[in-house]
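One-letter residues, chain by chain:
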Amino acid sequence: MKGKIIKVLLGLIAVAMTYGCSGELDITPDGRMTLDEIFSDSIYTEQYANSMYEYIRKYGNGYHYYTWLSAFTDDATDSQSSAETWLMLNQWNRGNYSASVPPFMDGSTTLRRNDRDFWGTAYAGIRKTNVFLERTNESNIPNQKKRERYLAEAHVLRAHYYFDLIKNFGGVPLITRDITTDTDFSKIERASFDECAKFIAEECDKAIATDALPFRTEVEGERGRMTKAIAYFIKASALLFAASPHWNPTNDAAKWQAAATAAKEALKQLTSNGYALYSNYEKFFITRPVKEENPEDKETLLEAIDSWGYSGQEFRRFSVITFLMHMIPVDFGGEKCGECPSQELVDSYEMKDGTVPILGYEDEAHTRPKINPASGYDDQKPYENRDPRFYATVWYNGAHFGKVKDKDVYIESYVGGRHGIDFLKQRTPTGYYVRKYVDPAMRSPADAKTLWRIYRLAELYLDVAEAENEANGPTAEAYDAANATRRRAGMPDLPAGLTKDEFRERIRRERRVEMALEENRFYDVRRWNILEENSRLKTAMRWTKANDGTLSNVRVQAVDCHATADPKYYTLPIPRNEILRMPLVKQNPGWE
């Protein structure tokens, strides 16, 4: 199994792409090889199983134009978005998308290197898993253990694809059979969010039930394969989404209890099977998970694979693009500095002693912060004594970048500084540069080796804390889970005696900083029903340097994105051509 696992994604394109997807549900073979021929041969059947993985999205900086998904939230922006109107983020901020021209779903290109078709990509993967699950048997995969493992992987993959869909679109059509030859989709209907979440959980349970599926892959040839750990994680996450305010408007306690039970069981199973938080938060994001029996990185559950869907476009790998599009161009070349954290994200970090420095804003423009007098925070010295995760995530004015050509480099993001704030794509518009996932030791794309983490253990700890608090209040289990990520970061435990509401606020803050600039914030503000108040603008810290060398700052607006503070943005639009082909499938609210 070792050598064949992911190799097919590069070497067996004919089989993988014969049954590929253009984004529609009506997929038929193109005549080069029929499904009957594939599933009459054991080698082709296994190759087909491997090709099911091709439709896992790129994540990371796989969005147009090499933007991170967090730039579509109040956590960050992209340095290119202000000046160039053709950029997807610019169009998003201006509210220029519709069901006919949907965001993240540009059907004008078949290039797999960018995540530009959330709907079609997921359904292409689902269609492949459906075909495999229907047609695989003891005649085309005679080895029982191998067959059971492939089937279990297909169930987890199908759960992953559906989880990706419901996060973006809400309830979707549950297609669970091979529709290769179908031409009539007039009877297809949308399932509810709850029905989809239940199906995802059941898929994961099927995979968990077999002994043939391992908890972890331990050889390079199996990197990226589905495991029991991933099944537990997806089940817990889907039930957490189903229990969250946007999808649970009546605050049904049973949903929260189900989410808490699943998350706690998942955490128990993963930690008892060798998963653990990586000891160094900063280093975790600039390392490449090693596949071995006892790896240093025991936190990563699933990472995005460099070769998936690139077809020879190796320069577009996440780590290479991170260097070319998100490093600091003035020192290292590259096209743009890319991901730039917002002042709102910076304000969310606690002080080193665990006190909250910024309690909100006095004005709608976020230029006058409500400072907690007990925190010791000084807005003219805003980067002193903050949560260590801040320094591992953000490069700020005065931060030590490292040595470049044997000289110490410090970030000069003040006006006129070497890395000065500006609205050019080579300069930060917010006063900040991204540190997370960017290794300061890189000097060329050849040095770039890290992989984007799709799922990791820290998120599961926070799932437990959130669900347990909502189900049973701030219990010891909720505290223990929240404090696990804090202790890893070198932060003190949460204060004892918090109320349920207070604990909710603190765990949401903890989730924001622990998962900062990953893809969670995009979905968290939606499932928590706080999108509208957190999608109006993004601010910057503008530093100026006086003639005597002293520095002072003022908060200013960097991005106006009021158009996205619209209730319709809680879900993405289903592409209009899909609605036309499936008349019983109703469009998401506001996108008609």
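You'll find the structure just up there.
Bear in mind that the values here come from a model prediction, so they are computed numbers and not experimental data.

### A look at the packing of aromatic side chains
Line of reasoning, step 1. Scanning the model with the defined rule gives 46 aromatic pairs in all.
Line of reasoning, step 2. Summarising the aromatic geometry, the rings of Trp 92 and Phe 522 are spaced 6.0 Å apart at their centres and angled 40° between planes, so their arrangement reads as tilted. Taken as a pair, Trp 92 in helix α5 (residues 88-93) and Phe 522 in helix α19 (residues 520-527) lie far apart in primary sequence, 430 residues in all.
Line of reasoning, step 3. By relative accessible area, which is 1% here, Trp 92 ends up buried.
Line of reasoning, step 4. Summarising the aromatic geometry, the rings of Trp 119 and Tyr 123 are spaced 5.0 Å apart at their centres and angled 55° between planes, so their arrangement reads as tilted. One end of the pair, Trp 119, and the other, Tyr 123, are both in helix α6 (residues 118-135), 4 residues apart, so they sit about a helical turn from each other.

### Digging into the environment of Phe 72
Line of reasoning, step 1. Along the polypeptide, Phe 72 turns up in the loop between α4 (42-51) and β1 (76-78).
Line of reasoning, step 2. A C-alpha to C-alpha distance of 32 Å links Phe 72 and Leu 270, two positions 198 residues apart in sequence.
Line of reasoning, step 3. Every residue in contact with Phe 72, bar those within four places of it in the chain, is listed here: Thr 67, Met 88, Leu 89, Trp 92, Phe 104, Phe 522 and Lys 538.

### A word on the packing of helix α8 (residues 193-208) against helix α9 (residues 228-243)
Line of reasoning, step 1. Viewed as axis vectors pointing N to C, α8 and α9 meet at an angle of 160°, and their least axial separation amounts to 9 Å. By the angle class used here, α8 and α9 are roughly antiparallel. Handedness of the α8/α9 crossing: left-handed. Contacts between α8 and α9 involve Phe 193, Asp 194, Ala 197, Ile 200, Ala 201, Cys 204, Asp 205, Ala 207 and Ile 208 from the former and Lys 228, Ala 231, Tyr 232, Ile 234, Lys 235, Ala 238, Leu 239, Phe 241 and Ala 242 from the latter.
Line of reasoning, step 2. A per-class count over the contact of α8 with α9 returns 14 nonpolar, no polar and 4 charged.

### Points about the layout of surface pockets
Line of reasoning, step 1. Considering only enclosed or pocket space, the largest pocket measures out at about 640 Å³ in volume.
Line of reasoning, step 2. Along the wall of the largest pocket there are 23 residues; nearest its centre are Glu 505, Arg 509, Arg 512, Arg 521 and Asn 534.
Line of reasoning, step 3. For the lining of the largest pocket, the secondary structure elements donating two or more residues are α14 (343-347), β4 (358-361) and α18 (500-514).
Line of reasoning, step 4. Looking at side-chain class alone, the lining of the largest pocket contains 6 nonpolar, 5 polar and 12 charged residues.

### Re the pattern of salt bridges
Line of reasoning, step 1. This model, assessed by the stated rule, comprises 52 salt bridges.
Line of reasoning, step 2. One salt bridge in this structure joins Arg 506 and Glu 350, with 2.9 Å as the shortest N-O distance. Highlighted residues: Arg 506 in helix α18 and Glu 350 in the loop between α14 and β4, separated in sequence by 156 residues.
Line of reasoning, step 3. Under the relative-accessibility criterion, Glu 350 is labelled buried at 2%.
Line of reasoning, step 4. The partner of Arg 555 in a salt bridge is Asp 379, with the nearest N and O atoms 2.8 Å apart. Of this pair, Arg 555 sits in strand β12 (residues 551-560) while Asp 379 sits in the loop between β5 (369-371) and α15 (388-393), and the two are 176 residues apart along the sequence. For the pair Arg 555 and Asp 379, a shared accessibility class is recorded, and that class is buried.
Line of reasoning, step 5. One network of salt bridges, in which partners are shared, links Glu 299, Glu 350, Asp 387, Arg 389, Lys 436, Arg 456, Arg 486, Arg 488, Arg 506, Glu 510, Glu 514 and Glu 518.

Calculation notes
- Numbering of residues starts from 1 in every chain and runs along the sequence as written.
- Given that the model is predicted, a residue must reach a pLDDT of at least 70 before its local features are reported, and side-chain atom pairs must reach 80 or more before they are shown or counted; all residues, however, enter totals for whole chains, interfaces and linings.
- Based on all heavy atoms of the structure, the side-chain values leave hydrogens and waters out of the count.
- Under the pairing criterion, centres of Phe, Tyr and Trp rings, with the six-membered ring standing for Trp, must be within 6.5 Å; the plane angle then separates stacked pairs below 30 degrees from edge-to-face pairs above 60, leaving the rest tilted.
- Each helix corresponds to a stretch of at least 4 residues labelled H or I by DSSP, and each strand to a stretch of at least 2 residues labelled E; elements are numbered beginning at the N terminus.
- Relative accessible area decides the class of each residue, using a 1.4 Å probe on protein chains only: under 20% of the type maximum gives buried, over 50% gives exposed, and in between gives partly exposed.
- Any two residues whose heavy atoms approach within 4.5 Å are treated as being in contact.
- Throughout, an axis means a line fitted to C-alpha atoms (over the contacting stretch in the case of helices), and angles, computed between N-to-C directions, take values from 0 to 180 degrees.
- Geometric relationships in this document are graded by angle, where less than 35 degrees denotes roughly parallel, more than 145 denotes roughly antiparallel, 65 to 115 denotes roughly perpendicular, and other angles denote oblique.
- Crossing handedness is read from the near helix: turned anticlockwise from the far helix by less than a right angle, it gives a left-handed crossing, and turned clockwise, a right-handed one.
- Put simply, Ala, Val, Leu, Ile, Met, Phe, Trp, Tyr, Cys and Pro go in the nonpolar bin, Asp, Glu, Lys and Arg in the charged bin, and everything else, Gly too, in the polar bin.
- Lining residues are defined by having an atom within 4 Å of a point belonging to a cavity or pocket. Those points lie on a 1 Å grid over the protein atoms alone, cavities being sets where a 1.4 Å probe fits but cannot get out and pockets being open sets with protein on both sides within 12 Å along at least five of seven lines.
- Grid points are joined across faces, edges and corners, and a volume is the space filled by probe spheres set on the points.
- Put simply, a salt bridge is a Lys or Arg side-chain nitrogen that is within 4 Å of an Asp or Glu carboxyl oxygen.

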